[in-house]
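Residues per chain are reported as follows:
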Amino acid sequence: MSEQLRQKLTAGEFAPGQRLSEQALAEQLGISRNTLREVFRGLTKDGLLRHEPNRGVFVSVPSIAAIIDIYRVRRLIECQALAQAYPRHPAKKHMRQAVEQALAARDRGDWVAVGTANMAFHMGIVELADSERLNLLFAQVLAELRLAFGLLRDAEFLHAPYVDMNREILELAEAGEFAKASARLNDYLVHSERIVLAVYARKLEEGAQR
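Reading the values: the criteria
Residues numbered from 1 in each chain as written. Predicted model: local features only at pLDDT ≥ 70, side-chain atom pairs only at ≥ 80, totals over all residues. Heavy atoms only, no water. pLDDT = per-residue confidence, 0-100. Helix = DSSP H or I, 4+ residues; strand = E, 2+ residues; numbered from the N terminus. Pairing = 2+ DSSP bridges. Expected span 1.5 Å × (residues − 1). Buried < 20%, exposed > 50% of the residue type's maximum accessible area, 1.4 Å probe, protein only. Arc of directions from axis to C-beta. Core = buried A, V, L, I, M, F, W, Y, C linked by side-chain atoms within 4.5 Å. Contact = heavy atoms within 4.5 Å. Salt bridge = Lys/Arg side-chain N within 4 Å of Asp/Glu carboxyl O. Axes fitted to C-alpha atoms, helices over the stretch in contact; angles between N-to-C directions. Parallel < 35°, antiparallel > 145°, perpendicular 65-115°, else oblique. Nonpolar A, V, L, I, M, F, W, Y, C, P; charged D, E, K, R; others polar. Left-handed = near helix turned anticlockwise from the far one by under 90°.

Colleague: In this structure, what is going on with the confidence of the model for the chain? I would like to understand it.
Modeller: Any residue range with low pLDDT should be treated as having predicted coordinates unsuitable for detailed reading. Of the residues in the chain, 96% reach a pLDDT of 70 or more, and the chain-wide mean stands at 90. Looking across the chain, the model is least confident in helix H1 (residues 2-10), with a mean pLDDT of 81, and most confident in helix H5 (residues 91-107), with 97.

Next comes the structure, spelled out in structure tokens:
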């Protein structure tokens, strides 16, 4: 159940700072409220949720320090996984499926679905490393990343530039140009981090002025 709720966070179904209804979620997931509280405790420990006494459980709002750390981890894991990938690794099929899903979602203007496909694309990159531990770690990173993305509240602005970048990285990988794909991914992640941090800083500034 913990993984199911984590996937909902990764899919962008909850907004940063949103209060979670224990009763509604327990009914939606088909579990008891006691079981859900255990799930809440686990995800709170992971930093995805926060508990406020007498107020309830809320979706975490990532800090600037957390966003910087998320991107540091992403560059270390993703770029390395791509640079050292086995040419015929089946995870490339997952990357291809994610790119095709993103293109189809872009055509119909569903930018939330584009974001979810983007998450799947980067999960596919990590799967190239053949490490279950890295897969579990990165699933946690993706959930935190989606919360950071949720702060921007403009999915098209955030995801539109990266649909074609993902396709470019995929084509390099499919051609066996893993070093080039890794370098392109590193540039991509630096660009993405700057955008997220800039928008986040602006939101903090706007909040301070109110």
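Colleague: I keep staring at the sheet that holds strand E2 (residues 49-52) and nothing clicks. Help me out?
Modeller: Adjacent strands of a sheet form backbone hydrogen bonds with each other and so pair up, either parallel or antiparallel. As summarised here, the arrangement of the three strands in space is E1-E3-E2, forming an open sheet in which the pairing is antiparallel. Both edges of this open sheet fall to strand E1 (19-20) and E2, since each of them pairs with a single strand only. Looking at chain direction, E2 and strand E3 (residues 56-59) are connected through four bridges and run antiparallel. Note on E3: the bridge partner recorded for Arg50 is Phe58.

Colleague: Looking at this structure, I do not really get H5. What am I missing?
Modeller: Because an α-helix completes one turn every 3.6 residues, residues spaced three or four positions apart along the sequence face the same direction. Compared with the 24 Å implied by 1.5 Å per residue over 17 residues, the 25 Å span of H5 between its first and last C-alpha is a close match. Taken as a whole, H5 has its buried residues at Ala91, Lys92, Met95, Ala98, Val99, Ala102, Leu103 and Ala105. Taken around the axis of H5, the buried residues stretch over an arc of 165°, which confines them to a single face. In H5, the exposed positions angled more than 90 degrees off the buried face are occupied by Lys93 and Asp107. Two residues or fewer past H5, Gly109 is found with a positive phi of approximately 75°.

Colleague: Explain the nonpolar core to me, please; I cannot follow it from the model alone.
Modeller: Among the nonpolar cores identified, the biggest contains 49 residues, and Leu82, Phe121, Leu185 and Val196 are the most heavily contacted of them. Counting only elements with at least two residues in this core, the list comes to helix H4 (64-83), H5, helix H6 (111-127), helix H7 (132-150), helix H8 (155-174) and helix H9 (178-209). Here this core gets ten residues from one element, more than from any other, and that element is H9. Residues in contact with Leu185, not counting those within four places in the same chain, are Glu78, Cys79, Leu82, His122, Ile125 and Ile169. Among the nonpolar cores identified, the runner-up in size contains 18 residues, and Leu20, Ile31, Leu48 and Ala143 belong to it.

Colleague: Hey, could you run me through the pattern of salt bridges in this one?
Modeller: A side chain of one charge can pair with a side chain of the opposite charge when the charged atoms of the two come close. This model, assessed by the stated rule, comprises 15 salt bridges. Arg75 is the salt-bridge partner of Glu193, the closest N and O atoms lying 2.8 Å from each other. Of the two residues, Glu193 is situated in helix H9 and Arg75 in helix H4; the sequence distance between them amounts to 118 residues. We classify Glu193 as buried; its relative accessible area is 11%. Residue class for Arg75 comes out partly exposed when judged on its relative accessible area of 24%. The network of salt bridges with common partners includes Glu22, Arg33 and Arg37.

Colleague: What should I look at first to understand the packing of helix H2 (residues 22-29) against helix H3 (residues 33-45) in this one?
Modeller: At their nearest, the axes of H2 and H3 sit 9 Å apart, and the two run at 105° to each other. By the angle between their directions, the pair H2 and H3 is classed as roughly perpendicular. Contacts between H2 and H3 involve Glu22, Gln23, Leu25, Ala26 and Leu29 from the former and Arg33, Leu36, Arg37 and Phe40 from the latter. Looking at the contact of H2 with H3, its residues break down into five nonpolar, one polar and three charged.

Colleague: Help me understand the pairing of E3, please; the structure alone is not making it clear to me.
Modeller: On a regular strand, one side chain projects to one face of the sheet and the next to the other, so that they alternate. Bridge analysis of E1 against E3 gives two bridges, and the strand direction is antiparallel. The partner of Leu20 across the bridge, within E3, is Val57. The loop that links E2 with its antiparallel partner E3 comprises three residues; one of these, Asn54, has a positive phi angle of about 65°.

Colleague: What should I look at first to understand the packing of H5 against H6 in this one?
Modeller: Each pair of packed helices gets described by two things: the angle between the helix axes and the distance between those axes. Running from N to C, H5 and H6 point in directions that differ by 170°, and their axes come no closer than 8 Å. Judged on the interaxial angle alone, H6 and H5 are roughly antiparallel. Between H5 and H6 lies a crossing of left-handed hand. On H6, the residues that touch Ala91, His94, Met95, Ala98, Val99, Gln101, Ala102, Ala105 and Arg106 of H5 are Trp111, Ala113, Val114, Ala117, Ala120, Phe121, Gly124, Ile125 and Glu127. Class assignment for the residues of the contact of H5 with H6 results in 13 nonpolar, three polar and two charged.

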